[in-house]
Amino acid sequence: MAKYRIVFARRVEQMILRHTEFLSRVSIPAAKAFYKEFEDVLRRMKENPYQFPQEDDLNLPEGQYRKALFAKRYKALFMVDGETIYLDAVVDCRMDNQKSF
């Protein structure tokens, strides 16, 4: 049973759509796998967000963000406050993250 609830930043939905659209142009199975793995990460976050390592990006406040890697090259960035998870971004690790926010 999930202990935590996830609050999505407004831009996260757009980020997921952008990544899914890009992948679907290359491969429909890859786009489906991306979305399934994203759903799996969300489920795991709800169970225990602390299973994911802290983000070490020097552009983010130290020790506040965690990262969940999935689908080989994507990263979900989130912070935990009590029983609430704030999912702030889903980025393609091949891209410059500054352009994703």
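My aim in this report is to walk through the structure given alongside it, one point at a time.

Taking 1.5 Å as the rise per residue, helix α2 (residues 28-47) with 20 residues should run 28 Å; its terminal C-alpha atoms sit 29 Å apart, in good agreement. Residues of α2 that are buried: Ala 31, Phe 34, Phe 38, Val 41, Leu 42 and Met 45. The buried residues of α2 occupy one face: seen down the axis, they fall within an arc of 100 degrees. Turned more than 90 degrees away from the buried face of α2, the exposed residues are Pro 29, Lys 32 and Lys 36. Between the side-chain oxygen of the N-cap and the backbone nitrogen of Ala 30 there are 3.1 Å, and the N-cap of α2 in question is Ser 27.

Moving on: the nonpolar core. Grouped together as the largest cluster of nonpolar side chains are 22 residues, with contacts concentrated most on Met 45, Phe 70 and Leu 87. When contributions to this core are tallied by element, the ones reaching two or more residues are α1 (10-26), α2, β2 (66-70), β3 (74-81) and β4 (84-92). Counting residues per element, this core draws most heavily on α2, at 6 residues. If near-sequence neighbours (up to four positions away) are discounted, Leu 87 is found in contact with Ile 6, Val 7, Phe 8, Ala 9, Val 12, Phe 38, Leu 42, Met 45, Ala 76, Leu 77 and Phe 78. Grouped together as the second largest cluster of nonpolar side chains are 5 residues, Met 15, Tyr 65, Leu 77 and Val 91 included.

What follows is about the pairing of β4. Residues in a regular strand point their side chains to alternate faces of the sheet. Buried residues dominate β4, accounting for 8 of its 9 residues. Here strand β1 (residues 5-8) runs beside β4; their pairing, made up of 4 bridges, is parallel. The residue bridging Ile 6 from the neighbouring strand is Ile 85, located in β4. Relative to β4, β3 runs antiparallel, the two sharing 8 bridges. Each residue of the ladder has a partner; that of Tyr 74, found in β4, is Asp 92. Hairpin connection from β3 to β4: 2 residues lie between these consecutive antiparallel strands, with Gly 82 at a positive phi of about 65 degrees.

Let us now look at the packing of α1 against α2. Closest axis-to-axis distance for the α1/α2 pair is 7 Å, and the angle between their directions is 150 degrees. In this view, α1 runs roughly antiparallel relative to α2, as classed from their interaxial angle. Counting all contacts with α1, which are made through Ile 16, His 19, Thr 20, Leu 23 and Ser 24, the residues of α2 involved are Ile 28, Ala 30, Ala 31, Phe 34, Tyr 35 and Phe 38. Tallied by class, the residues present in the contact of α1 with α2 amount to 8 nonpolar, 3 polar and no charged.

What counts as what
- Residues numbered from 1 in each chain as written.
- Predicted model: local features only at pLDDT ≥ 70, side-chain atom pairs only at ≥ 80, totals over all residues.
- Heavy atoms only, no water.
- Helix = DSSP H or I, 4+ residues; strand = E, 2+ residues; numbered from the N terminus.
- Expected span 1.5 Å × (residues − 1).
- Buried < 20%, exposed > 50% of the residue type's maximum accessible area, 1.4 Å probe, protein only.
- Arc of directions from axis to C-beta.
- Polar contact = N/O pair within 3.5 Å; in protein donor to acceptor, adjacent residues only side chain to side chain.
- Core = buried A, V, L, I, M, F, W, Y, C linked by side-chain atoms within 4.5 Å.
- Contact = heavy atoms within 4.5 Å.
- Pairing = 2+ DSSP bridges.
- Axes fitted to C-alpha atoms, helices over the stretch in contact; angles between N-to-C directions.
- Parallel < 35°, antiparallel > 145°, perpendicular 65-115°, else oblique.
- Nonpolar A, V, L, I, M, F, W, Y, C, P; charged D, E, K, R; others polar.

In short, shape yes, function no, at least from these values alone.
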